[in-house]
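Summary of structural features
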Amino acid sequence: MKKTQLSVGILGLGIVGTGVVKILTEKHRELASKLGLPIVVKRVADIDVRRKRALKLPRNVFVKNAETVIDDPSIDIVIELIGGIHPAKEYILRSLRNGKHVVTANKALLASEGSDIFKAAHKNKVVIGFEASVGGGIPIIKIIREALIGNRIKALYGIINGTSNYILTKMTEAGIDFSTALKEAQTLGYAEADPTLDVNGTDAAHKLAILATLSFHIPVSYKKIYTEGITRITPLDIAFASEFGYTIKLLAIAKQLNTDIELRVHPTMLPKEYLISHVNGVFNAVYVEGDAIGPALYYGRGAGDMPTGSAVISDIADIARSIKGGANTLFRGNRIQRKTNLTLQKIEDIQGSYYFRFSVLDRPGVLSKISGILGDYNISIKSVIQKERHKEKVVPLVMMTHKAREKDIISAVKNIKKLTVVHGNPVYIRVEGGKE
Ligand code: HSE
């Protein structure tokens, strides 16, 4: 039977859910004319539906129970926006089994249980859309899946956590420390009351797992991604990085080198002249290098009701078009290869340049002791800064290296730390780009 409208049911009326309803109601006629059939919000489930007052929907649309939405035979698309693993996974699987298409923004779920979800979508011949899971309003999933289909993705670098980017930007611009910048972000509503997953890099790792799955056509769990957050970054390191011509960003990195894949999330020094180094505040950006297009940079708002709502609408629109047009070209999860010759590199095996900061006693012979150990591990110094002594006996000794192996960096740091002239823990930050 020909459909005369598409009915959606929303699970979770938080920030994104509210944005989705706003777009669907305010642009109802516009969307119906663009898509050839109207999209109707049939049900919205949330335990707490206080936000409903601001929305232009009939009262009987709001329900407390997710099953009321999932098991409603008149609903075509379930939009899961409750987040977390349980019960979101069960709700999604039940919706798929009920023959409903699902749209989700749930990055944590897809980054850990994505295989089960994609398999279930494929088995039930329905669509799973997840544009809103990475990069908010930046259509990066569509870009990788559709626009860049003719490319082999050689590298991808993403600033995909707005909270961390806001904090690092503030630390850089105002010279303030991590906790002060975090507090400011919380006051302005840019950071959650519990910002752990944002500042420890996990949220970026979730998103990188999704981007890597699509880029390399292999299943990737975020648990396999080396992840380091921004909590140990100090204004001192930001200032030294600047003196060397670099800026510090929390970067999600995916690279393919022959049959090796590197996936990692960590604070990274980037040359100031790179475009991506100028992505500040809560904004996100993803730099992609494809073998056909070369470099490309995608920039926009990575969070918020309307940008993320816009991403959800784009998945709904794809489903509407495929239902209208009859040809379903959407992702159902079966394009992921299970057998692959690609191997995930261990962090110890990556190679790159590094920034070091040692707190040392300002005495003759210190530099030669440290450079001797670096030399023993084949680490070549590119440049050094040592600040003059004022009253302090301990001064920062800062250096940048040529390309070295992480394994050697770790061993050298361990030995340098044992020197009596070295105080505290040496700091090292990975560097991407810049002249060798
Ligand atoms: N917490 C995320 C961020 C927003 O700070 O970027 C949604 O993905």
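Keep in mind that this is a model prediction, so the values were computed, not measured.

What counts, and where the lines are drawn
- Residues numbered from 1 in each chain as written.
- Predicted model: local features only at pLDDT ≥ 70, side-chain atom pairs only at ≥ 80, totals over all residues.
- Heavy atoms only, no water.
- Helix = DSSP H or I, 4+ residues; strand = E, 2+ residues; numbered from the N terminus.
- Rg over C-alpha atoms; globule rule 2.2 N^0.38 Å.
- Buried < 20%, exposed > 50% of the residue type's maximum accessible area, 1.4 Å probe, protein only.
- Near = heavy atom within 4 Å.
- Polar contact = N/O pair within 3.5 Å; in protein donor to acceptor, adjacent residues only side chain to side chain.
- Areas by Shrake-Rupley, 256 points an atom, 1.4 Å probe, with all protein chains shown as cover.
- Nonpolar A, V, L, I, M, F, W, Y, C, P; charged D, E, K, R; others polar.
- Pairing = 2+ DSSP bridges.
- Phe/Tyr/Trp six-rings, centres within 6.5 Å; stacked < 30°, edge-to-face > 60°.
- Arc of directions from axis to C-beta.
- Core = buried A, V, L, I, M, F, W, Y, C linked by side-chain atoms within 4.5 Å.
- Contact = heavy atoms within 4.5 Å.
- Domains from an automatic or database assignment.
- Salt bridge = Lys/Arg side-chain N within 4 Å of Asp/Glu carboxyl O.

On to the overall build of the chain. Within the chain, the regular secondary structure consists of 14 helices and 18 strands. Relative to the 2.2 N^0.38 estimate, which gives 22 Å for 436 residues, the radius of gyration of the chain is 24 Å and therefore close to what a compact globule would have. Each principal axis of the C-alpha atoms in the chain carries an extent, and together these give about 85 × 45 × 35 Å. Looking at the 436 residues of the chain, the share that counts as buried comes to 53%.

What follows concerns the site of the ligand. If you check the shell around the ligand, you find Lys107, Asn161, Gly162, Thr163, Asp198, Asp203, Lys207 and Ala303 and nothing else. Contact distances for the ligand include 2.6 Å between an oxygen atom and a side-chain N or O atom of threonine 163. Between lysine 207 and the ligand, the recorded distance is 2.8 Å, taken from a side-chain N or O atom to an oxygen atom. Protein coverage of the free-state accessible area of the ligand, which is 260 Å², stands at 80%. Breaking the shell around the ligand down by element, the ones donating at least two residues are helix H7 (162-174) and helix H10 (202-216). Across the shell around the ligand, the residue classes tally to one nonpolar, three polar and four charged.

With that out of the way, let us pick up the sheet that holds strand S1 (residues 6-11). With respect to topology, six strands assemble into an open sheet ordered S3-S2-S1-S4-S5-S6, the strand pairing being parallel. In this open sheet, the two strands that pair with only one neighbour each are strand S3 (62-63) and strand S6 (128-129). Where S1 and strand S2 (residues 39-45) come together, six bridges link them in parallel fashion. Counted as the bridge partner of glycine 9 is arginine 43 from S2.

Bringing the packing of aromatic side chains into the picture now. Applying the stated criterion across every chain, the model contains eight aromatic pairs. Measuring from ring centre to ring centre gives 6.2 Å for tyrosine 354 and tyrosine 428, while their planes differ by 55 degrees; the resulting arrangement is tilted. With a gap of 74 residues between them, tyrosine 354 in strand S14 (residues 351-361) and tyrosine 428 in strand S18 (residues 422-431) connect regions that are remote in the sequence. Assessed through its relative accessible area of 1%, tyrosine 354 is described here as buried. Residue class for tyrosine 428 comes out partly exposed when judged on its relative accessible area of 23%. Grouped by ring-pair contacts, the aromatic residues Tyr354, Phe356, Phe358 and Tyr428 constitute a single cluster.

On to unusual backbone geometry. In this structure, proline 87 follows histidine 86 across a cis peptide bond, with omega equal to 5 degrees. In this structure, lysine 125 takes a positive phi of about 55 degrees despite not being glycine. Note on placement: lysine 125 falls in the loop between helix H5 (107-123) and S6. Judged by its relative accessible area of 63%, lysine 125 is exposed.

Moving on, we come to helix H11 (residues 235-243). Buried residues of H11: Asp237, Ile238, Phe240 and Ala241, and no others. For H11, the buried positions fall inside an angular range of 165 degrees around the axis, keeping them on one side. Following H11 by one or two positions, glycine 245 has its phi on the positive side, about 95 degrees.

Leu96, Ile140, Ile167, Leu263, Met269 and Tyr355 are the most contacted members of the largest nonpolar core, which has 84 residues in total. Residues contacting methionine 269, with those up to four places away along its chain left out, are Ala241, Tyr246, Thr247, Ile248, Tyr355, Met400, Ile429, Arg430, Val431 and Glu432. Leu31, Val49, Ala105 and Ala317 belong to the second largest nonpolar core, which has 33 residues in total.

We now examine the domain arrangement of the chain. Domain boundaries in the chain define domain 1 (6-136 + 305-324), domain 2 (140-302) and domain 3 (349-431). Between the C-alpha centres of domain 1 and domain 3 there is a distance of 52 Å.

This paragraph deals with helix H4 (residues 88-97). Across the 10 residues that make up H4, a large majority, seven, are buried. Of all the residues in H4, the buried ones are Ala88, Lys89, Tyr91, Ile92, Leu93, Ser95 and Leu96. One or two residues past the end of H4 sits glycine 99, with phi positive at roughly 80 degrees.

Moving on, we get to the pattern of salt bridges. Per the stated rule, a full pass over the model turns up 21 salt bridges. Of the charged contacts in the structure, one is a salt bridge between glutamate 432 and lysine 255, with a shortest N-O distance of 3.1 Å. Here glutamate 432, found in the segment after S18, pairs with lysine 255, found in strand S9 (residues 246-257); they are 177 residues apart in sequence, far enough to count as distant. Between lysine 407 and aspartate 349 there is a salt bridge, with its nearest N and O atoms 3.2 Å apart. Placement of the pair is lysine 407 in helix H14 (residues 406-418) and aspartate 349 in the loop between strand S13 (343-344) and S14, with a sequence separation of 58 residues. Residue lysine 407 is classed as partly exposed on the basis of its relative accessible area of 41%. The structure contains a network of salt bridges with shared partners spanning Lys142, Arg145, Glu146 and Asp318.

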